[in-house]
Amino acid sequence: MDSLTDNDVRRTLHPFRDGGVTSRLYATGEITEETVPALGVLSSELDERGEDETAERVADVISYADAAGERPP
């Protein structure tokens, strides 16, 4: 996937807001040390359910968050 924008990230994460780190990334752009592991769990769960395309989009968000590094809201 090409470089993601903040809007791309929000669009991908919208259905997965959990009240935790995923919601904070969605709502404010905050990335903490917990963000990438939480997204990894989500991606794995989606993959296990056979939602390969969605799991791949979440994996793209993982790459985005990892490249951006920790940042405040």
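The following refers to the structure shown.

Analysis parameters
Along every chain, residues carry numbers that run from 1 in the direction the sequence is written. Whole-chain, interface and lining totals are the exception, using all residues; otherwise, since this is a predicted model, local features are given only for residues with pLDDT of at least 70 and side-chain atom pairs are given and counted only at 80 or more. Water and hydrogen atoms were dropped before computing side-chain values, which therefore reflect all heavy atoms in the structure. Joining through side-chain atoms within 4.5 Å is the link that ties buried Ala, Val, Leu, Ile, Met, Phe, Trp, Tyr and Cys residues into a set, and such a set is a nonpolar core. A 1.4 Å probe rolled over the protein chains alone gives each residue an accessible area, and that area as a share of the maximum for its type sets the label: buried under 20%, exposed over 50%, partly exposed in between. We count a stretch as a helix when DSSP gives it H or I for four or more residues in a row; a strand needs E for two or more, and each element gets its number in order from the N terminus. Note on contacts: a residue pair qualifies if any of its non-hydrogen atoms lie within 4.5 Å across the two residues. The criterion for an aromatic pair is that two Phe, Tyr or Trp rings (for Trp, the six-membered ring) have centres within 6.5 Å, with stacked assigned to planes under 30 degrees apart, edge-to-face to planes over 60 apart and tilted to the rest. As a reminder, the over-ring test applies to NZ of lysine and CZ of arginine, requiring each to be within 6 Å of the ring centre and within 35 degrees of the ring normal.

### A word on the nonpolar core
Core analysis: the largest hydrophobic core is formed by 16 residues, its most contacted members being Val 9, Leu 13, Leu 25, Leu 39, Leu 46 and Val 61. Taken together, the elements giving at least two residues each to this core come down to α1 (6–13), α2 (21–28), α3 (35–48) and α4 (52–68). With 6 residues, the top contributor of residues to this core is α4. If we ignore the near neighbours within four places in the chain, the residues touching Leu 46 are Phe 16, Glu 51, Thr 54, Ala 55 and Val 58.

### Some details on the packing of aromatic side chains
Per the stated rule, a full pass over the model turns up 0 aromatic pairs. Sitting over the ring of Tyr 26, Arg 17 keeps its end group 5.1 Å from the ring centre.

Interpretation in functional terms is not warranted from these geometric data alone.
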